[in-house]
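# Geometric and topological summary
Chain residues, written in single-letter form:
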Amino acid sequence: MSTHLFHSVVEDVPSLRAAFITAMPDCLLFASWQAKESEIDVEDVAAYFGDLVRSNRQGLKALKTWSAEMQITIESAESLILLREINADFVFGAIFDRSAPLGMVRLHLRRMLDRVSTQLPKASLEERPRGVRILEFLDRYAPDPHAVLLRISLRTGIPVETLQAAESLQTEQIARLEEAACRLLGLKQLNL
Amino acid sequence: MDQINHLRSVLSGHDLTFLAEVPVVYHCHHYNLFHDQTIDDALGEEMSAQIRFRAARSSVGELLHKVGHALNLSTRTERADLCSALLPWMGHGRLLVQSTPQGGEATGTNLHYGFAWREKYGARIKRDFPADSFAAGFAAAACEYIEQLPPGSVEATEDRCLVLRDPDCHFQLKADSRSTPYSTIDRIAIERHVIPSFGGLEEARISAITEGLRNFVRGVAGDDRGVIAAFGVFVTMHLSNYYNGTIYEAIHHIEREQPALLPVAETLFREAGIQCVFNTFGNMLLSAEWEGLVGKPSGDPLEMLSSFCAIARGLGFGHWIVHEYDAGKRFVLRAPIDYEVPFYLEQYGKTDKPRCYVLQGAALAMTVLAHMVRWKDNPKLTPEFYLSLFRGKMPWTAEQTLCPTRGDTLCEVVVQTR
């Protein structure tokens, strides 16, 4: 889908401050738009909310109440944020002014989704190597992200240079990397 | 606490500070957490906790005995009162030790490591192992001191901790027949390694600021919570024997077991020094107290470097001097010794490489902050700003070129542009 097309879908929606599409499962920014006065780091937003959707999906599955129609609404002090799974590969996010009526927001969201969903690629995305995704996850969530590679190296015994080429990590190295990542984040497992 | 305050002293010309002849230094929670975290990364949480506990028990045990001796404390009640008062005075939180000759228990509130970890990281990540090995060591040493047990004979286990979302911290204390002599160094040991002191550029300015800072620091003590909240950080008076004992045990372990990883561990220990300078030194420069004492920082790099040296001296890091400065190109930091060197030489003897990791990291951070921060704009020293300065390839490199641990007569770190 072209940038021009995405912008044409979203830019005239009233009270909309930003919109983005996140490619799953890697939580990478696929397309975005933001209002002129907005100063959002859309790549970060796309990644964090992609993780949120994934966690939400797993939580609902654990509750045995998951359905593909799942939508998340977040009401913060300044924003009304809606996240919607378009399909297994893409999540659509829209950030509205907090003052926008919820009914109107849902209506616009549905209209945007109708137009966007037909333009997305049909083929499923190739999943990137797990080692790469683990390191990206750490970069987003670990404290002192600039030191993460060093910390992981020290914990796993894997040289920093090897970690920098994470797409080439061996299965056993990935297992060590994952275990160390869990320790750094205090998690029992990584839901990537 | 006035009595304890009077036990402070300074090794003249070397700006190393002591409490009852035990070496102490001020560090903030950013440094402390990163330091302990690096020991965890290097050794794994279990071994790390053991080494940190033993270093704490040893260094605190020596401190309690020397303070108690200096104050002529003789009764059990007096010894217990000292244990209750000392930890919060140093900014480490409060710890109620209920000891018996068999051990006992201790309950802590606002203990520095757990409290600071929760404040800094608690909203972001989970943790499933306790954080207060230093307080555990304090509790064990306090039990030994109060009950007059042999050094190193009490073990402590932290079974509740703020970082585990418990309401307080709690330690089980157990005495056994084994004992381990305290492995620390004191002022007499340090004096064996001093050389005649020397000055550098801006010496008069640095000395004057150091004096003012030292007077200020003399009035610093924990509040009702046992916390020293100053300059936007949580400050502690800490035992350099603890820092040195833990760093060098971790470094030597890596050297023995995984020598290929030594440069990684060393980089992380340097990183702790960078965090110290950015957070503590930087926020001190921007504080109202600094403005009252020195005036607002102008941002001139040489002025900034000399200010950093004064802060280091005031906090007990050693007699740091600006030996050489070539504007924007090269900075040479020197010290006759720092707080790391005497410990290494006393405990391990000479080695084949420099071992002043805090000094190395600090020299690099000082240079970056002196040249890349607009001090006149009163910047906020946020984590994001930190990353913008220190993430990725920096335009400066730092190398320790002289170190008494390998036989040189002084410490020197050269920082220059790439």
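Residues numbered from 1 in each chain as written. Chains lettered and ligands numbered in written order. Predicted model: local features only at pLDDT ≥ 70, side-chain atom pairs only at ≥ 80, totals over all residues. Heavy atoms only, no water.

## Quick look at the overall build of chain A
- Each helix and strand counted, chain A has 7 helices and 5 strands in total.
- Taken along the three principal axes of its C-alpha coordinates, chain A extends 55 × 40 × 35 Å.
- Across the 192 residues in chain A, those meeting the buried criterion constitute 47%.
- For chain A, the proportion of contacts with a sequence separation of at least 24, taken over those separated by at least 6, is 55%.
- Approximately 9600 Å² of chain A is accessible, and the part contributed by carbon and sulfur atoms is 50%.
- Each charge class in chain A can be summarised by its mean position, and for the 22 positive and 26 negative side chains these summaries are 7 Å apart. (Helix = DSSP H or I, 4+ residues; strand = E, 2+ residues; numbered from the N terminus. Buried < 20%, exposed > 50% of the residue type's maximum accessible area, 1.4 Å probe, protein only. Contact = heavy atoms within 4.5 Å. Areas by Shrake-Rupley, 256 points an atom, 1.4 Å probe, with all protein chains shown as cover. Lys, Arg positive; Asp, Glu negative; His and termini not counted. Charge placed at Lys NZ, Arg CZ, Asp CG, Glu CD.)

## Observations concerning the packing of helix α2 (residues 42-62) of chain A against helix α4 (residues 130-141) of chain A
Residues and elements named next belong to chain A.
- α4 packs onto α2 with a crossing angle of 110° between their chain directions and a minimal axis gap of 11 Å. Between α2 and α4, the crossing angle belongs to the class labelled roughly perpendicular. Residues A47, Y48, D51 and R54 of α2 touch α4, and the partners they reach there are F137, R140 and Y141.
- Partitioning the contact of α2 with α4 into residue classes produces 4 nonpolar, no polar and 3 charged. (Axes fitted to C-alpha atoms, helices over the stretch in contact; angles between N-to-C directions. Parallel < 35°, antiparallel > 145°, perpendicular 65-115°, else oblique. Nonpolar A, V, L, I, M, F, W, Y, C, P; charged D, E, K, R; others polar.)

## Observations regarding helix α14 (residues 357-372) of chain B
- Relative to the 22 Å expected for 16 residues at 1.5 Å per residue, α14 of chain B spans 22 Å between its end C-alpha atoms, a close match to the ideal helical length.
- The buried fraction of α14 of chain B amounts to 14 of the 16 residues, a majority that puts the element mostly inside the structure. (Expected span 1.5 Å × (residues − 1).)

## Looking at the pairing of strand β13 (residues 411-417) of chain B
Residues and elements named next belong to chain B.
- Taking burial as the measure, the 7 residues of β13 include 5 buried ones, the bulk of the element.
- The sheet contact formed by strand β12 (residues 396-402) and β13 spans 6 bridges and is antiparallel. Looking at the pairing, L402 lines up with E412 of β13. (Pairing = 2+ DSSP bridges.)

## What to know about the pattern of salt bridges
- This model, assessed by the stated rule, comprises 33 salt bridges over all chains.
- The salt bridge partner of R176 of chain A is E172 of chain A, with a shortest N-O separation of 2.6 Å. Taken as a pair, R176 of chain A and E172 of chain A lie in helix α7 (residues 171-185) at a separation of 4 residues, close to a single helical turn.
- Assessed through its relative accessible area of 30%, R176 of chain A is described here as partly exposed.
- Judged by its relative accessible area of 46%, E172 of chain A is partly exposed.
- A cluster of three or more residues bridged by salt bridges with shared partners is formed by R151, R155 and R183 of chain A together with D41, E45 and D128 of chain B. (Salt bridge = Lys/Arg side-chain N within 4 Å of Asp/Glu carboxyl O.)

## Overview of the sheet that holds strand β10 (residues 321-326) of chain B
All names here are of chain B.
- Taken together, 4 strands build an open sheet; the order of strands is β10-β11-β13-β12 and the sheet is antiparallel. Each edge of the sheet is formed by a strand with only one pairing partner; in this case those strands are β10 and β12. The sheet shows a mean angle of 15° between the axes of neighbouring strands, direction not considered.
- Examined bridge by bridge, β10 and strand β11 (residues 330-335) share 5 bridges and lie antiparallel to one another. By the bridge assignment for β11, D326 is matched with R330.
- Across the sheet, helix α12 (residues 301-314) lies against β10 and β11, angled at about 165° from β10, the strand it touches most.

## Observations regarding the side chain of T280 of chain B
- Looking at the secondary structure, you find T280 of chain B in helix α10 (residues 262-285).
- Not counting the four nearest positions on each side in its chain, T280 of chain B is found in contact with C28, V233, Q275 and L315 of chain B.

## Side note on the environment of A106 of chain B
Residues and elements named next belong to chain B.
- Tracing the backbone through its elements, the reader meets A106 in strand β5 (residues 103-109).
- With 66 residues separating them along the chain, A106 and Q172 place their C-alpha atoms 6.7 Å apart.
- Leave out the neighbours within four places in its chain, and A106 touches L95, L96, V97, A139, C169, H170, F171 and L173.

## Notes on the interface of chain A and chain B
- Each side of the interface is counted separately: chain A has 20 residues, and chain B has 26 residues.
- When chain A packs against chain B, the two sides together hide about 2000 Å² of surface, and 55% of this comes from carbon and sulfur.
- Counting across the chain A and chain B interface gives 6 salt bridges.
- The partner of R151 of chain A in a salt bridge is D41 of chain B, with the nearest N and O atoms 2.5 Å apart.
- Taken together, the connections running from chain A to chain B amount to 12 residue pairs in polar contact (both at pLDDT 80 or more).
- Those elements that place two or more of their residues in the side of chain A that touches chain B are α4, α5 (148-156) and α7 of chain A.
- Ranked by residue count, the leading element in the side of chain A that touches chain B is α5 of chain A, at 5 residues.
- Grouping the amino acids of the side of chain A that touches chain B by side-chain chemistry returns 10 nonpolar, 4 polar and 6 charged. (Buried area = accessible area lost by both parts, 1.4 Å probe. Polar contact = N/O pair within 3.5 Å; in protein donor to acceptor, adjacent residues only side chain to side chain.)

## With respect to the sheet that holds strand β2 (residues 16-19) of chain B
Residues and elements named next belong to chain B.
- The strand order across the open sheet formed by 5 strands is β1-β2-β3-β9-β8, and the pairing between neighbours is antiparallel. Looking at which strands have only one partner, the edges of the open sheet turn out to be β1 (8-11) and β8 (228-230). With strand direction ignored, the average angle separating the axes of adjacent strands in the sheet is 40°.
- Pairing of β8 with strand β9 (residues 233-239) involves 3 bridges; the strand directions are antiparallel. Pairing of A230 across the sheet is with V233, part of β9.
- The strands touched by helix α9 (residues 240-257) are β3 (22-28) and β9; relative to β9, the strand with the most contacts, the crossing angle is about 85°.

## Brief notes about the confidence of the model for chain B
- Mean pLDDT over chain B: 96, with 100% of residues reaching 70 or higher.
- Scored by ipTM, the complex comes to 0.93, with pTM at 0.86. (pLDDT = per-residue confidence, 0-100.)

## What to know about the packing of aromatic side chains
- Within the structure shown, the criterion is met by 30 aromatic pairs over all chains.
- Members of the aromatic cluster, each reached through a chain of ring pairs, are Y31, Y113, F134, Y242, Y243, F281, F308, F317, W320, Y339 and W375 of chain B. (Phe/Tyr/Trp six-rings, centres within 6.5 Å; stacked < 30°, edge-to-face > 60°.)

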